[in-house]
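Inside the fold
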Amino acid sequence: MNTVANIATSGMAAAQARLDAAASNIANLPTEGYRRVQARAEAEPSGGVRTRTERLPEPGSDVAADQVEQRMAAGAFVANLKVFQAADRMLGRLLDTDA
């Protein structure tokens, strides 16, 4: 069960990094020469994801893409939170039956 919770936690962290990157891009729209940032998640061999943030090579904005990314990241966060909560409930029930 702990592995499921760890995987869900890493998914929530990845979603938060995506949301932060998109928010930074939108907040820096008026900044001349600003290069957008993008969060990238890579699968871990043991489960879950590792997230890194990188700057795009060219300056420019893409407000529509950043707004879509925010919504997708929020949905991914909620989905991972539900997995975490389900794992927590299952562990609680398992402990109840063993007590």
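In what follows, the accompanying structure is described.

Criteria and cut-off values
For every chain, the first residue of its written sequence is number 1, and the numbers climb from 1 along that sequence. A pLDDT threshold of at least 70 governs which residues receive local features in this predicted model, and a stricter bar of 80 or more applies before side-chain atom pairs are shown or counted, although totals over entire chains, interfaces and linings include all residues. Values reported for side chains reflect all heavy atoms of the structure, with hydrogen atoms and water molecules removed beforehand. Secondary structure follows DSSP: runs of H or I at least 4 residues long count as helices, runs of E at least 2 residues long count as strands, and numbering of each begins at the N terminus. Exposure above 30% relative accessible area and the absence of a salt bridge qualify a residue for a patch, where like charges join within 9 Å and nonpolar side chains (Val, Leu, Ile, Met, Phe, Trp, Tyr) within 5 Å. Each accessible area is a Shrake-Rupley estimate made with a 1.4 Å probe; only the visible protein chains count as cover when residues are assessed. The salt bridge criterion pairs a side-chain nitrogen of Lys or Arg with a carboxyl oxygen of Asp or Glu, the two atoms within 4 Å. Relative accessibility decides the category of a residue: with a 1.4 Å probe and only protein chains considered, values under 20% of the type maximum give buried, values over 50% give exposed, and everything between is partly exposed. Residues enter a nonpolar core if they are buried and are Ala, Val, Leu, Ile, Met, Phe, Trp, Tyr or Cys, with the set joined through side-chain atoms within 4.5 Å. Residue contacts are defined here by distance: any two heavy atoms, one from each residue, within 4.5 Å place the two residues in contact.

1. Brief notes about the environment of K82
- Its location among the elements puts K82 in helix α2 (residues 63-98).
- For the pair K82 and A39, spaced 43 residues apart in the sequence, the C-alpha separation amounts to 22 Å.

2. Some words on a nonpolar patch on the surface
- A cluster of nonpolar residues, L91, L94 and L95, forms a patch on the protein surface that exposes about 260 Å² of accessible area.
- You can call L94 partly exposed: its relative accessible area is 42%.

3. Examining the nonpolar core
- Residues A17, A21, Y34, V37 and A39 constitute the largest nonpolar core, which totals five residues.
- When residues of this core are traced back to their parent elements, those giving at least two are α1 (2-27) and β1 (37-43).
- Excluding residues within four positions of it along the chain, Y34 makes contact with S24, N25, N28, R55, P59 and G60.

4. Brief notes about the side chain of D66
- Mapped onto the elements, D66 comes out in helix α2.
- Relative accessible area serves as the criterion here: at 4%, D66 is assigned to the buried category.
- If sequence neighbours within four positions are ignored, D66 has contacts with A22, N25, I26 and R36.

5. Concerning the pattern of salt bridges
- All chains considered together, the criterion is met by six salt bridges.
- Each of the salt bridges in this network shares a partner with another, and the network as a whole consists of R40, E42, R52 and E54.

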